[in-house]
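These are the residues of each chain, in order.
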Amino acid sequence: MKNIVKLLGCALLLTMSAGAVAQEAGSVMIKAGYAYFDPIVGSGDMSAPSIPGVKVNVDPAHTEIITAVYMFTDHISAEFYGGVPVKHNMTAAGSIAGAGVIGTVKQLPPSLFAQYRFLDANSVFRPYAGLGITYVHFQDETGTALLTGLTNPGGSGTTFSVKDAWGITPQVGFTALINKRWFIDVSINKSLVKTKTTLSTGEYIDTTLNPVVSQVSIGYRF
């Protein structure tokens, strides 16, 4: 993360001498970078017959991302987000807060945004706002001994599955030119996502995840 911040600072200095080049209708831009996912979790109680008041939290995580942008007009664009699956720890909360990690899960959240880009197409610095739809695919769910001890003591290991979900994702960001082709991109978005986790022992728990995603990327305009 420190290296990303240093890179961002250097790139911002370079924008001061960048020659203007249009992000205009027909432009294609490819970006690669770093994303930090910080879930804002709202957890229901695990269903019976679990210990009353058991909730779950999801820890932050980071990953690499790649995105593609197409400019339909000088101001309207579409952006597709992809990347590497993100692995999160799921930790005990509620009546068992502090007990530790109850499982891990990977999530892959491809997103498609419609965006409006402010200022002139030739601007060196250009803010934008977007609204997208996100599909969150969950995979590689793995329970821990703690989860088994809570839900099936003395029995076989408890497994679980997390239901895939759709969400709406508002976004704000900006691009800043480094030179005529290269630029940096910084954005923040928040996906509004609700899902259900079902255990092999029959219990389930509903959660809202609502991750805030901060990303910084280096991009190239074709």
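Remember, it's a predicted structure, so these values are computed and weren't measured experimentally.

*Asks:* How would you sum up the overall build of the protein chain? Please name residues and give values.
*Replies:* Of regular secondary structure, the protein chain possesses two helices and 15 strands. The principal-axis extent of the C-alpha atoms belonging to the protein chain is close to 70 × 30 × 25 Å. Taking all 222 residues of the protein chain together, 41% fall into the buried category. Put simply, 70% of the contacts in the protein chain that link residues at least 6 apart link residues at least 24 apart. About 10,600 Å² of surface is accessible on the protein chain, with carbon and sulfur atoms providing 65% of the total. Across the protein chain, 15 positive and 14 negative side-chain charges occur, with their mean positions spaced 5 Å apart.

*Asks:* Outline the confidence of the model for the protein chain, supporting the account with residue identities and numerical values.
*Replies:* Per-chain confidence: the protein chain averages 91 in pLDDT, with 91% of residues scoring 70 or above. Here helix α1 (residues 2-15) stands out as the least confident element of the protein chain, with mean pLDDT 46; strand β8 (residues 111-117) is the most confident, with 98. Note on residues 1-8: pLDDT is under 50 here. Beyond four places in sequence and across chains, it has seven contacts. Taken as a whole, residues 10-19 scores under 50 in pLDDT and shows 17 contacts with residues more than four places along the chain or in a different chain.

*Asks:* Lay out the sheet that holds strand β2 (residues 42-43) in plain terms, naming residues and giving numbers.
*Replies:* Taken in spatial order, the four strands of this open sheet run β2-β14-β13-β10, and their pairing is antiparallel. This sheet does not close on itself; its edge strands, each paired only once, are β2 and β10 (160-162). Where strand β13 (residues 194-199) lies against strand β14 (residues 204-208), five bridges are found, and the strand directions are antiparallel. Within the sheet, the bridge partner assigned to T198 lies in β14 and is Y204.

*Asks:* Kindly report on the nonpolar core, identifying the contributing residues and their values.
*Replies:* Across soluble globular proteins, nonpolar side chains have a tendency to be buried as a group. Counting residues in hydrophobic clusters, the biggest one holds 19 residues, and the most contacted among them are M90, I102, F138 and F160. Sorting the residues of this core by element identifies β3 (54-58), β6 (86-94), β7 (101-108), β9 (125-143) and β10 as the ones contributing at least two each. Residues in contact with M90, not counting those within four places in the same chain, are V56, N57, G100, V101, I102, G103, V105, F160 and T197. Core analysis: the second largest hydrophobic core is formed by eight residues, A35, F37, I65 and V213 among them.

*Asks:* Tell me about the side chain of S27, and please be specific about residues and values.
*Replies:* Among the structural elements, S27 can be located in the loop between α1 and β1 (28-38). Taking relative accessible area as the criterion, S27 reaches 3% and is therefore assigned buried. Within the structure, the side chain of S27 is placed 2.9 Å from the backbone oxygen of E24, a separation counted as a polar contact. Not counting the four nearest positions on each side in its chain, S27 is found in contact with A22, V69, Y70, M71 and R221.

The rules behind each value
- Residues numbered from 1 in each chain as written.
- Predicted model: local features only at pLDDT ≥ 70, side-chain atom pairs only at ≥ 80, totals over all residues.
- Heavy atoms only, no water.
- Helix = DSSP H or I, 4+ residues; strand = E, 2+ residues; numbered from the N terminus.
- Buried < 20%, exposed > 50% of the residue type's maximum accessible area, 1.4 Å probe, protein only.
- Contact = heavy atoms within 4.5 Å.
- Areas by Shrake-Rupley, 256 points an atom, 1.4 Å probe, with all protein chains shown as cover.
- Lys, Arg positive; Asp, Glu negative; His and termini not counted.
- Charge placed at Lys NZ, Arg CZ, Asp CG, Glu CD.
- pLDDT = per-residue confidence, 0-100.
- Pairing = 2+ DSSP bridges.
- Core = buried A, V, L, I, M, F, W, Y, C linked by side-chain atoms within 4.5 Å.
- Polar contact = N/O pair within 3.5 Å; in protein donor to acceptor, adjacent residues only side chain to side chain.

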